[in-house]
Amino acid sequence: MLYPVLRDMNNWLDNNFDDMLDTSWMPRVNFTAPAINVKENDKDYEIELAAPGTTKDDFKVNVDKDGCLTIKLEHKDDKKDENKKEHYLRREFSYSNYEQALTLPDDVEKDKIEAKVDNGVLHVTLPRTPKDEKETKKIEVA
């Protein structure tokens, strides 16, 4: 089973700024964490992370020596119309930053992990060690 690494999500800074600057008149960008699915079968685990509008260059996927899989997403949306001279009075910059860490099960073959992006969905395949290799083997004591 994959378990998320828990982090402190206390975000008091935003509330203090809102109180000081009274930003209630400004529209808010409602960013939520990307949806994530984790599937398993006999041969592998698969993680699907939905992030529409992203490309493979927006993702970084790493596994450390302790078996922690980290998925980082950083997406900047710089929509520019090259054919038209841009003139805007207000523009909301679009920037997304997300990080998720998962503790991998012991039966994952770390050297064979693969990741790809297809239509804004990151697919991470975590091959499992074949059953006959992970079973306990009896060793005769001489």
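Rules used in this analysis
- Residues numbered from 1 in each chain as written.
- Predicted model: local features only at pLDDT ≥ 70, side-chain atom pairs only at ≥ 80, totals over all residues.
- Heavy atoms only, no water.
- Helix = DSSP H or I, 4+ residues; strand = E, 2+ residues; numbered from the N terminus.
- Buried < 20%, exposed > 50% of the residue type's maximum accessible area, 1.4 Å probe, protein only.
- Core = buried A, V, L, I, M, F, W, Y, C linked by side-chain atoms within 4.5 Å.
- Contact = heavy atoms within 4.5 Å.

Student: Would you mind going over unusual backbone geometry with me for this structure?
Tutor: Trans peptide bonds make up most of the peptide bonds, and negative phi angles are found at most residues other than glycine. Located in the positive-phi region is Asn 119, a residue other than glycine, with phi close to 55°. Relative to the helices and strands, Asn 119 is located in the loop between strand 7 (114-118) and strand 8 (121-127). We classify Asn 119 as exposed; its relative accessible area is 74%.

Student: What is the right way to read the nonpolar core from this model?
Tutor: Note that soluble globular proteins tend to have their nonpolar side chains buried in a common cluster. Of all hydrophobic cores here, the largest spans 15 residues; its most connected members are Ile 47, Leu 49, Phe 59, Leu 69, Ile 71, Val 124 and Leu 126. For this core, the secondary-structure elements that each account for two or more residues are strand 3 (44-50), strand 5 (68-77), strand 6 (94-103) and strand 8. Residues contacting Val 124, with those up to four places away along its chain left out, are Tyr 45, Glu 46, Ile 47, Leu 69, Ile 71, Ile 113, Glu 114 and Ala 115.

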